[in-house]
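The primary structure of each chain is shown beneath.
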Amino acid sequence: MTTFTRYSLFQIPGWIAAGAALYLLRRWLGLDDWIAWLLFGLYVAKDFLLYPVLKRSYEARWKPGPAHLIGERGTAVEDIAPEGYVRVRGEMWMAEAAAGASIPAEARVRVQAVRGKMLVVALEGPVD
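Here the structure is a predicted model, which means the values were calculated and not measured.

Peer 1: So what exactly am I meant to see when it comes to the pairing of strand 4 (residues 108–115) here?
Peer 2: Across a regular strand the side chains alternate sides, sitting on one face of the sheet and then on the other. As judged from the three bridges shared by strand 1 (residues 73–76) and strand 4, these two strands associate in the antiparallel manner. Looking at strand 4, one finds that Thr 75 is bridged to Arg 108. Bridging between strand 4 and strand 5 (residues 118–123) involves six bridges; their strand directions are antiparallel. The residue of strand 5 that forms the bridge with Arg 110 is Ala 122. Hairpin connection of strand 4 to strand 5: two residues between the antiparallel strands, including Gly 116 at a positive phi of 65°.

Structure (structure tokens):
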């Protein structure tokens with residue numbers, strides 16, 4: 001099953017609930033049909049616009065926790081000697097330098113391994 005199909009199937013209950021709510025609003029408040037259809041269309045369009053943002057969460061190979069970050073690039077937020085913070089995929093993680101090396105702040109790093117919730121990183125390139 002594709003990621004898009006999986007995402008769409010998870011949206012169906014919400015679409016049914018929105019359709020039922022709009023039907024009731026039509027009946028109780030006299031909401032015009034065209035307004036109800038417009039609101040329903042906007043509700044469905046919202047789900048498709050959010051798909052690129054949520055896609056990774058619906059991928060079958062995605063792993064929870066930091067294990068999926070192995071091999072990813074990041075930036076040292078502070079000096080890592082031997083521990084400090086790095087930013088990987090926009091998230092802050094506690095990290096330790098591989099082989100006890102020292103990594104300066106703002107250096108590019110690559111995640112080598114994961115120990116519990118801590119990333120093990122190595123210097124990837126010179127500081128810009």
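Still more to cover.
Peer 1: Could you clarify how one ought to interpret the sheet that holds strand 1 in this entry?
Peer 2: Through backbone hydrogen bonds, the strands of a sheet pair up, either in parallel or in antiparallel fashion. If you walk around this closed barrel you meet the five strands as 1-2-3-5-4, and the pairing is mixed. Across the sheet, the mean angle from the axis of one strand to that of its neighbour is 55°, orientation sign disregarded. Of the pairings in the sheet, the one linking strand 3 (residues 91–97) to strand 5 comprises three bridges and is parallel in character. Bridge pairing in strand 5 places Ala 97 opposite Val 121.

Peer 1: Looking at this model, I keep getting lost on the packing of aromatic side chains. Mind explaining?
Peer 2: Working definition: an aromatic ring pair is given by the centre-to-centre distance plus the angle between the planes. Applying the stated criterion to the full structure yields five aromatic pairs. Pairing Trp 37 with Phe 40 gives two aromatic rings, centres 6.4 Å apart and planes at 90°, and the pair type is edge-to-face. Taken as a pair, Trp 37 and Phe 40 lie in helix 2 (residues 33–58) at a separation of three residues, close to a single helical turn. Owing to a relative accessible area of 62%, Trp 37 belongs among the exposed residues under this scheme. These aromatic residues form a ring-pair network of at least three members: Phe 4, Tyr 7, Trp 15, Phe 48 and Tyr 51. One Lys or Arg, Lys 46, reaches over the ring of Tyr 43 and ends 4.2 Å from the middle of that ring.

Peer 1: How do you make sense of the nonpolar core when you look at a structure like this?
Peer 2: A general feature of soluble globular proteins is that nonpolar side chains tend to end up buried together. Ile 80, Val 86, Val 88, Trp 93, Ile 103, Leu 119 and Val 121 are the most contacted members of the largest nonpolar core, which has 14 residues in total. Breaking this core down by element, the ones donating at least two residues are strand 2 (83–88), strand 3, strand 4 and strand 5. For this core, the element with the highest residue contribution is strand 3, accounting for three residues. Not counting residues up to four positions away in its chain, the partners in contact with Trp 93 are Pro 66, Leu 69, Gly 84, Tyr 85, Val 86, Val 88, Lys 117 and Leu 119.

Basis of the calculations
- Residues numbered from 1 in each chain as written.
- Predicted model: local features only at pLDDT ≥ 70, side-chain atom pairs only at ≥ 80, totals over all residues.
- Heavy atoms only, no water.
- Pairing = 2+ DSSP bridges.
- Helix = DSSP H or I, 4+ residues; strand = E, 2+ residues; numbered from the N terminus.
- Axes fitted to C-alpha atoms, helices over the stretch in contact; angles between N-to-C directions.
- Phe/Tyr/Trp six-rings, centres within 6.5 Å; stacked < 30°, edge-to-face > 60°.
- Buried < 20%, exposed > 50% of the residue type's maximum accessible area, 1.4 Å probe, protein only.
- Lys NZ or Arg CZ within 6 Å of the ring centre and 35° of its normal.
- Core = buried A, V, L, I, M, F, W, Y, C linked by side-chain atoms within 4.5 Å.
- Contact = heavy atoms within 4.5 Å.

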